[in-house]
Amino acid sequence: MAALSSCGPNKPWRSLLVLLAGVAVLLVGSVHLCAATLDEDIELIWGASHTYFFMDGDTETLALSLDEQQGSCFRSKGTYLYATISMDIKLVEGNSAGVVATVYTISEGPWSYHDEIDLEFLGNLTGEPITLHTNIFANGEGGREMQFYLWFDPTADYHTYTIEWNPKYIIIRVDGKAIRAFKNYQDQGVPYPTWQQQRVYGSLWDADQWATQGGAIKTDWSNAPFVAYYRNYNTTWCQPSPGVAWCGDEPRDSTHFDLDPQTMADLQWVDANYKIYDYCTDHKRFNESEFPKECYLQRAGV
């Protein structure tokens, strides 16, 4: 399930409503390596009446909320081609079955060849683990789902979720720890996002048709409004090797973006302990001869 179903460039925008009186404040962040305010870097797409800025301790924070009438969504004003994007998120507390919070990037061209990097947090019953659902689209081709449990309660406090996108890898990190790395096998005929700029989105929406236990558990609206909190939005442009003009010009045989030992160790630890689904090992979904090409390349250690 692509995050675009929650909000995105192909969905009709609703008029922005006036923010809740007295709660809109500036949120200080670090974007493009300089200080900025969150409301200067993002804009509300829909659900402004369900969205507000407030002080959470010493940090200014954006709250997205969802009730039976509407969810809420924001997007970045800027677009990026190769960048590291991170945000601190505190997910919906209590019974969040059916509710999905997201942060993702997506290109703005036709859907048939769009690029997208998804992080979707699938709500659950109280006390049951929230699933982090990830997916990657390139040139309109998706179906690269991996799912994870987290090694902490993501509803109890803020944690940092990062998309690190460079010409060789897309790395997804949680609190700095790598949980997924998607390698560029474009020279082997596997699509990879290399040419379309992408915009950052975040949303809170109802997906009880599929989100929790395959849709068996529905949203309990008596718990509404559901609220997720976002803060510390940061973006930094990809940094190429010395002497290279920009990351897109990095030589194919460069080792500049190779995975470092700590990242490789993180990936192995998460694979062994917290990965709960990997499309490359789903023999119910694919016959052995039908797996996506990158799955065979990964197994071969290419």
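Residues numbered from 1 in each chain as written. Predicted model: local features only at pLDDT ≥ 70, side-chain atom pairs only at ≥ 80, totals over all residues. Heavy atoms only, no water.

Under the annotation held in an unreviewed UniProt entry, the protein chain carries the name Xyloglucan endotransglucosylase/hydrolase and is attributed to Digitaria exilis. Checking UniProt for the protein chain, the heading Function (unreviewed entry) contains the comment "Catalyzes xyloglucan endohydrolysis (XEH) and/or endotransglycosylation (XET). Cleaves and religates xyloglucan polymers, an essential constituent of the primary cell wall, and thereby participates in cell wall construction of growing tissues." Word for word, the UniProt comment on the protein chain under Sequence similarities (unreviewed entry) is "Belongs to the glycosyl hydrolase 16 family." (UniProt positions renumbered as here; feature names shortened; annotations may be inferred.)

Caption draft 1: Region of interest: the UniProt feature "active site" (unreviewed entry) in the protein chain. In this structure's numbering, the residues bearing the UniProt feature "active site" (unreviewed entry) are Glu116 and Glu120. Locating Glu116 in the fold gives a position in strand E9 (residues 116-122). Along the polypeptide, Glu120 turns up in strand E9. Glu120 gets classed as buried once you look at its relative accessible area, which sits at 0%. (Helix = DSSP H or I, 4+ residues; strand = E, 2+ residues; numbered from the N terminus. Buried < 20%, exposed > 50% of the residue type's maximum accessible area, 1.4 Å probe, protein only.)

Caption draft 2: Molecular detail of the packing of aromatic side chains. By the definition in use, this model includes 19 aromatic pairs. Between Tyr52 and Phe54, the ring centres sit 5.7 Å apart and the planes meet at 50°, which makes this aromatic pair tilted. Measuring from centroid to centroid gives 6.2 Å for Trp111 and Phe137, while their planes differ by 50°, and the two rings are tilted. You can see Trp111 sitting in the loop between strand E8 (99-107) and E9 and its partner Phe137 sitting in strand E10 (residues 131-137), a full 26 residues away along the chain. Cluster of aromatic residues (ring-pair linked, three or more members): Trp151, Phe152, Trp269 and Tyr274. Above the face of the Trp269 ring, Lys177 is positioned so that its terminal group lies 4.9 Å from the ring centre. (Phe/Tyr/Trp six-rings, centres within 6.5 Å; stacked < 30°, edge-to-face > 60°. Lys NZ or Arg CZ within 6 Å of the ring centre and 35° of its normal.)

Caption draft 3: Main features of the UniProt feature "glycosylation site" (unreviewed entry) in the protein chain. The UniProt record marks Asn124 with the feature "glycosylation site" (unreviewed entry), using the residue numbering of this structure. Mapped onto the elements of the fold, Asn124 is located in the loop between E9 and E10.

Caption draft 4: Highlighting the pairing of E10. Among the seven residues in E10, seven count as buried, and that is most of the element. The side-chain alternation of E10 yields two buried faces, one formed by Thr131, His133, Asn135 and Phe137 and the other by Leu132, Thr134 and Ile136. Two elements, E9 and E10, share seven bridges in a ladder whose sense is antiparallel. Directly across from Glu116, in E10, lies its bridge partner Phe137. Here E10 runs beside strand E11 (residues 146-148); their pairing, made up of three bridges, is antiparallel. The residue bridging His133 from the neighbouring strand is Gln147, located in E11. (Pairing = 2+ DSSP bridges.)

Caption draft 5: Structural context of the sheet that holds E10. With antiparallel pairing, the eight strands of this open sheet are ordered in space as E3-E6-E15-E8-E9-E10-E11-E17. The open sheet terminates on both sides in strands that have one partner only, identified here as strand E3 (42-46) and strand E17 (275-278). Strand-to-strand twist of the sheet, defined as the mean angle between neighbouring strand axes without regard to direction, takes the value 15°. (Axes fitted to C-alpha atoms, helices over the stretch in contact; angles between N-to-C directions.)

Caption draft 6: Layout of the pairing of strand E13 (residues 169-174). Most of E13 is tucked away: six of the six residues are buried. Across the two faces of E13 the burial is the same, with Tyr169, Ile171 and Arg173 and Ile170, Ile172 and Val174 all buried. Here strand E12 (residues 159-165) runs beside E13; their pairing, made up of five bridges, is antiparallel. Its bridge partner being in E13, Ile163 is matched across the sheet by Ile172. Across six bridges, the pairing between E13 and strand E14 (residues 177-183) is antiparallel. From the neighbouring strand, Val174 faces E14, where its bridge partner is Lys177. The loop that links E13 with its antiparallel partner E14 comprises two residues; one of these, Asp175, has a positive phi angle of about 50°.

Caption draft 7: Quick peek at the pattern of salt bridges. Here the structure, examined in full by the defined rule, presents 15 salt bridges. The residue Arg144 makes a salt bridge to Glu141 at a minimum N-O spacing of 3.3 Å. Overall, Arg144 belongs to the buried group, its relative accessible area being 1%. Take Glu141: its relative accessible area is 37%, and that puts it in the partly exposed class. Asp271 is paired through a salt bridge with Lys275; the nearest N and O atoms lie 3.0 Å apart. (Salt bridge = Lys/Arg side-chain N within 4 Å of Asp/Glu carboxyl O.)

Caption draft 8: Region of interest: helix H2 (residues 261-273). Over its 13 residues, H2 runs 18 Å from end to end, which matches the ideal 18 Å to within 8%, given 1.5 Å per residue. Residues of H2 that are buried: Thr263, Asp266, Leu267 and Val270. Axial view of H2: buried residues confined to an arc of 100°, hence all on one face. What points out from H2, more than 90 degrees from its buried face, is the exposed set Pro261, Gln268 and Ala272. Elements that come into contact with the buried residues of H2 comprise E11, E13, E14 and E17. One side-chain oxygen at the N-terminal end of H2 lies 3.0 Å from the backbone nitrogen of Gln262; it belongs to Asp260. (Expected span 1.5 Å × (residues − 1). Arc of directions from axis to C-beta. Contact = heavy atoms within 4.5 Å. Polar contact = N/O pair within 3.5 Å; in protein donor to acceptor, adjacent residues only side chain to side chain.)

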